[in-house]
Amino acid sequence: MENIIKYHIKNVKKGDHAAFEEIVSFYQNKVYHIVYRMVGDSHEAQDIAQEAFIRAYTNIHSFDENRKFSTWLYRIATNLSIDRLRKKKPDFHLDAEVKGTEGLDMYSQLAADQALPEEEVESMELQSYIHKEILSLPPKYRSVIVLRFLDDLSLAEIGEILDLPLGTVKTRIHRGRELLRKKLRHV
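My aim in this report is to walk through the structure given alongside it, one point at a time.

Procedures and definitions
- Residues numbered from 1 in each chain as written.
- Predicted model: local features only at pLDDT ≥ 70, side-chain atom pairs only at ≥ 80, totals over all residues.
- Heavy atoms only, no water.
- Helix = DSSP H or I, 4+ residues; strand = E, 2+ residues; numbered from the N terminus.
- Buried < 20%, exposed > 50% of the residue type's maximum accessible area, 1.4 Å probe, protein only.
- Contact = heavy atoms within 4.5 Å.
- Areas by Shrake-Rupley, 256 points an atom, 1.4 Å probe, with all protein chains shown as cover.
- Salt bridge = Lys/Arg side-chain N within 4 Å of Asp/Glu carboxyl O.
- Phe/Tyr/Trp six-rings, centres within 6.5 Å; stacked < 30°, edge-to-face > 60°.
- Axes fitted to C-alpha atoms, helices over the stretch in contact; angles between N-to-C directions.
- Left-handed = near helix turned anticlockwise from the far one by under 90°.
- Nonpolar A, V, L, I, M, F, W, Y, C, P; charged D, E, K, R; others polar.

## Section: the overall build of the chain
Line of reasoning, step 1. Broken down by element type, the chain carries eight helices and zero strands.
Line of reasoning, step 2. Element order for the chain, N to C, with α for helix and β for strand: α-α-α-α-α-α-α-α.
Line of reasoning, step 3. Within the chain, buried positions represent 25% of all 187 residues.
Line of reasoning, step 4. Excluding contacts between residues fewer than 6 apart, the proportion of contacts in the chain whose partners are at least 24 apart in sequence is 52%.
Line of reasoning, step 5. Looking at the chain as shown, the accessible area adds up to about 13,500 Å², and 52% of this sits on carbon and sulfur atoms.

## Some thoughts on unusual backbone geometry
Line of reasoning, step 1. Positive phi, normally seen in glycine, also occurs at aspartate 163, with a value near 55 degrees.
Line of reasoning, step 2. By the element assignment, aspartate 163 lies in the loop between helix H7 (155-162) and helix H8 (166-184).
Line of reasoning, step 3. Classification of aspartate 163 by relative accessible area gives exposed; the value is 70%.

## Let's talk about the pattern of salt bridges
Line of reasoning, step 1. Tallying each qualifying case throughout the model produces six salt bridges.
Line of reasoning, step 2. Arginine 181 is paired through a salt bridge with glutamate 178; the nearest N and O atoms lie 2.4 Å apart. Of this pair, arginine 181 and glutamate 178 both sit in helix H8, three residues apart, which is roughly one turn of that helix.
Line of reasoning, step 3. Residue glutamate 178 is classed as partly exposed on the basis of its relative accessible area of 29%.

## Quick word on the packing of aromatic side chains
Line of reasoning, step 1. This structure, assessed with the given rule, holds eight aromatic pairs.
Line of reasoning, step 2. Their ring planes at 50 degrees and their centres at 5.6 Å tell us that phenylalanine 69 and tryptophan 72 sit as a pair that is tilted. Pair noted here: phenylalanine 69 and tryptophan 72 are both in helix H4 (residues 69-88), with a separation of three residues, about one helical turn. The pair phenylalanine 69 / tryptophan 72 is uniform in exposure class, with both members buried.

## Considering the packing of helix H1 (residues 2-13) against helix H2 (residues 17-39)
Line of reasoning, step 1. At a minimum axis separation of 8 Å, H1 and H2 run at an interaxial angle of 145 degrees. The handedness of the crossing between H1 and H2 comes out as left-handed. Of H2, the residues touching H1 (which contributes Glu2, Ile5, His8, Ile9, Asn11 and Val12) are Ala19, Phe20, Glu22, Ile23, Phe26 and Tyr27.
Line of reasoning, step 2. Along the lines of polarity and charge, the residues of the contact of H1 with H2 split into eight nonpolar, two polar and two charged.

In structure tokens, the structure reads:
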């Protein structure tokens, strides 16, 4: 196949433009796939592949016929892809001012590690509401829920503190959580 391509290249150099159509039809899918894998966009890959063939055609006189044409063509396509990716790279700095604003820079657009004030208020309100609902539980369930989930004590420690068997502690925690779940189901 390489000999046929070399034959077409010689004809293109002699001025036979139709011979280049044969070269394009043979390599167009391969060039497209190489470019597509680099840029990841179908339309852009088509543009770059077309540009690669145009460059190859206009520079065919500089092609060394002792080398493989496919390598030369793929190199052109790869270089064009790299150039396009470089041009697409965002050209901004975080300390640059955002257009249309006074004093705002790109740092202000970054996500903060801390919660927003509204989120903190909502969280505090939710905690306050849950605490109020815990206080409304019957005392035998409230005590085990508070010790287990707010004070983070083990089941054995709760049993010792309340002088209850482990099975009773587990049952009260389960029933207390179910009562609490029913009270909080609309939250």
